[in-house]
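Read off the chains here:
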Amino acid sequence: MNQILEKALEGEFKNELNFEIGDTIKVHYKIVESGKERIQVYEGVVISISNKGASKTFTVRRISYDIGVERIFPLHSPRIARLELVRKGSVRRAKLYYLREKTGKSGRIKERKGGQAMVAKEKKRQDEAIATKTAATKAAAAESAQPA
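Residues numbered from 1 in each chain as written. Predicted model: local features only at pLDDT ≥ 70, side-chain atom pairs only at ≥ 80, totals over all residues. Heavy atoms only, no water.

Digging into the packing of aromatic side chains
All told, the structure shown has four aromatic pairs when counted by the stated rule. By way of ring pairs, the aromatic residues Phe19, Tyr29, Tyr42, Phe58 and Phe73 are connected into one cluster. (Phe/Tyr/Trp six-rings, centres within 6.5 Å; stacked < 30°, edge-to-face > 60°.)

And the structure:
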């Protein structure tokens with residue numbers, strides 16, 4: 001039964017996992033308020049990644065006005081507009097729950113060697129993907145606008 005369910009959910013997912021635990025990311029999240037939709041950016045450190053397949057989630061922690069705030073995002077949610085990698089972190093654990101007790105300098109994560117190059121490469125790949133996506137939508141719009 002479980003294998004049948006996995007095959008059904010195997011289709012094309014919207015977002016891909018381009019980050020690991022310890023990385024700092026920006027999550028561009030769509031919020032609907034009184035019928036209007038806006039995008040809010042949530043930046044923080046990924047402290048855990050859970051589950052697999054369509055139900056994969058990740059937890060992002062940030063400090064807001066000296067208070068730690070954690071938020072769990074479903075990876076393949078249609079409300080996530082974009083995932084942007086800010087910096088790669090060098091960690092040796094699968095879950096970073098110990099950061100909850102740390103404050104100030106002790107709560108920082110070292111940057112991985114070559115991390116800036118990895119971030120630049122990922123940013124370039126995302127920009128190319130967005131450019132091809134917009135070019136395809138413009139071509140489709142122009143094609144549908146021409147009279148037959």
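Structural notes on the sheet that holds strand 1 (residues 24-33)
A sheet is described by the order of its strands in space; here five strands give the open sequence 4-3-2-1-5, paired in antiparallel fashion. Pairing within the sheet leaves two strands with one partner each, and these edge strands are strand 4 (67-74) and strand 5 (80-87). Sheet twist, expressed as the average angle between the axes of neighbouring strands with direction ignored, equals 40°. Here strand 2 (residues 36-50) runs beside strand 3 (residues 57-64); their pairing, made up of five bridges, is antiparallel. Counterpart to Ser48 in the pairing with strand 3 is Thr59. (Pairing = 2+ DSSP bridges. Helix = DSSP H or I, 4+ residues; strand = E, 2+ residues; numbered from the N terminus. Axes fitted to C-alpha atoms, helices over the stretch in contact; angles between N-to-C directions.)

Some words on helix 2 (residues 115-145)
Across its 31 residues, helix 2 extends 45 Å between first and last C-alpha, which sits within 8% of the 45 Å expected from 1.5 Å per residue. Within helix 2, burial applies to Gly115, Val119, Glu122 and Gln126. (Expected span 1.5 Å × (residues − 1). Buried < 20%, exposed > 50% of the residue type's maximum accessible area, 1.4 Å probe, protein only.)

Things to note about the nonpolar core
If you look at the biggest cluster of nonpolar residues, it comprises 22 residues, and the most contacted ones within it are Phe19, Ile25, Val27, Phe58 and Phe73. At five residues, strand 2 tops the list of elements feeding residues into this core. Dropping the residues within four chain positions of it, Ile25 is found in contact with Phe19, Tyr42, Glu43, Gly44, Val46, Phe58, Val60, Glu84, Leu85 and Val86. (Core = buried A, V, L, I, M, F, W, Y, C linked by side-chain atoms within 4.5 Å. Contact = heavy atoms within 4.5 Å.)

Quick look at the side chain of Lys88
Relative to the helices and strands, Lys88 resides in the loop between strand 5 and helix 2. For Lys88, a relative accessible area of 6% gives the class buried. In this structure the side chain of Lys88 is engaged in a polar contact, spanning 3.1 Å, whose partner is the side chain of Asp23. Discounting chain neighbours no more than four positions away, the residues touching Lys88 are Glu20, Asp23, Lys110, Glu111, Arg112, Gly115, Met118 and Val119. (Polar contact = N/O pair within 3.5 Å; in protein donor to acceptor, adjacent residues only side chain to side chain.)

Nothing here speaks to function; it is geometry throughout.
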